[in-house]
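So the chains spell out like this:
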Amino acid sequence: MSVEMLQVCRGHLPEIAALEAVCFPEPWSEGALELFLEDRAVAFAAVEGTAVLGYIGMLLAPGEGQILNLAVLPQARRRGIAKGLVARLIAEAQARGLESLSLEVRVSNAPAIGLYESFGFLKAGLRKHFYRYPAEDALVMVKKLSPDI
Ligand SMILES: CC(C)(COP(=O)(O)OP(=O)(O)OC[C@H]1O[C@@H](n2cnc3c(N)ncnc32)[C@H](O)[C@@H]1OP(=O)(O)O)[C@@H](O)C(=O)NCCC(=O)NCCS
């Protein structure tokens, strides 16, 4: 069965909240995830059949996007799903004419850092004590976008 990257709608939110709970120590609730239904944000779900295997979301500001969340179910990892989600988000950012994308990631999260580097995100700084549970610094990564020609 193939995996489709679909813009997140309300019907995806319960499964995304469950995914958050599996993947993060401080998961976003279904209520918090409603942000991604607003005009100031956009998110994509990786859907296989009717199952949500992963998702990515960004907050929109004039000219830039901030990636807030990226997660893939543990049993669906290493299948290229995160790669597909990041590629879909970059295409969306380019279609919207954004000039850059940024994100924060735990300094110990080598899989995510490797993934973002493979898409041309560069290390742009550190935010000390950014995370709790466990306490950790955040690496800030930025990708400049070129206009979609
Ligand atoms: C990070 C995460 C989203 C990757 O999802 P995934 O679907 O398994 O990733 P992909 O299969 O698309 O892998 C893409 C690339 O990421 C890197 N990567 C992914 N998992 C990795 C791992 N365990 N170790 C090293 N590199 C890894 C590799 O560069 C990989 O490319 P390759 O397979 O060609 O080597 C997933 O591990 C996850 O949900 N982690 C918990 C939540 C999280 O950390 N989110 C990021 C917060 S910023």
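Read on for a plain summary of the structure.

**Here's the deal with the pairing of strand S4 (residues 64-72)**
- Here strand S3 (residues 51-61) runs beside S4; their pairing, made up of eight bridges, is antiparallel. Across the sheet, residue Ile56 finds its bridge partner in S4, namely Leu70.
- Linkage of S3 to S4, two consecutive antiparallel strands, is achieved through a turn of two residues, within which Gly63 is found at a positive phi near 80°.
- Across four bridges, the pairing between S4 and strand S5 (residues 100-106) is parallel. Residue pairing in the sheet places Gly65 in a bridge with Leu101 of S5.

**Considerations on the sheet that holds strand S6 (residues 122-131)**
- Taken in spatial order, the seven strands line up as S1-S2-S3-S4-S5-S7-S6 in an open sheet, and their pairing is mixed. Looking at strand neighbours, the two that pair on one side only are strand S1 (3-7) and S6, the edges of this open sheet. Shown here is a sheet whose adjacent strand axes are inclined to one another by a mean of 25°, direction ignored.
- Summarising the sheet, S5 and strand S7 (residues 136-144) pair through seven bridges and their orientation is antiparallel. Across the sheet, Val105 pairs through a bridge with Leu139, a residue of S7.
- Here helix H1 (residues 13-23) sits on the sheet in contact with strand S2 (41-48), S3 and S4, set at roughly 90° to S3.
- Most of the contacts of helix H4 (residues 110-118) go to S5, to which it runs at about 160°, and overall it touches S4, S5 and S7.

**What about the nonpolar core?**
- Ile16, Phe44, Ala45, Tyr55, Ile56, Leu85 and Leu89 are the most contacted members of the largest nonpolar core, which has 37 residues in total.
- With seven residues, the top contributor of residues to this core is helix H3 (residues 81-95).
- Residues in contact with Ala45, not counting those within four places in the same chain, are Leu6, Val8, His12, Ile16, Val52 and Tyr55.

**Focus: unusual backbone geometry**
- Following Tyr133, the chain continues to Pro134 via a peptide bond in cis, the omega torsion being -5°.
- Relative to the helices and strands, Pro134 resides in the loop between S6 and S7.
- With a phi close to 60°, Arg78 is a non-glycine residue in the positive phi region.
- Along the chain, Arg78 falls in the loop between S4 and H3.
- Taking the C-beta count within 10 Å as the criterion, Arg78 has 8 such neighbours and is therefore assigned exposed.
- Of note, His129 is a non-glycine position whose phi angle comes to about 50°, a positive value.
- Structurally, His129 is set in strand S6.

**Thoughts on the site of the ligand**
- The immediate surroundings of the ligand are formed by 19 residues, with Arg77, Ala82, Lys83, Pro111 and Leu115 found nearest.
- Residue assignment for the shell around the ligand shows that the elements contributing at least two residues are S4, H3 and H4.
- Here the element with the most residues in the shell around the ligand is H4; it accounts for six residues.
- In terms of residue class, the shell around the ligand is built from 11 nonpolar, four polar and four charged.

**Brief notes about the environment of Leu35**
- Inspection of the secondary structure assignment puts Leu35 in the loop between helix H2 (30-33) and S2.
- For the pair formed by Leu35 and Phe130, sequence separation is 95 residues and the distance between their alpha carbons is 21 Å.

Definitions and cut-offs
Residues numbered from 1 in each chain as written. Predicted model: local features only at pLDDT ≥ 70, side-chain atom pairs only at ≥ 80, totals over all residues. Pairing = 2+ DSSP bridges. Helix = DSSP H or I, 4+ residues; strand = E, 2+ residues; numbered from the N terminus. Axes fitted to C-alpha atoms, helices over the stretch in contact; angles between N-to-C directions. Contact = placed C-beta atoms within 7 Å. Core = buried A, V, L, I, M, F, W, Y, C linked by C-beta atoms within 7 Å. Buried ≥ 20, exposed ≤ 12 C-beta atoms within 10 Å, placed from the backbone. Near = placed C-beta within 6 Å. Nonpolar A, V, L, I, M, F, W, Y, C, P; charged D, E, K, R; others polar.

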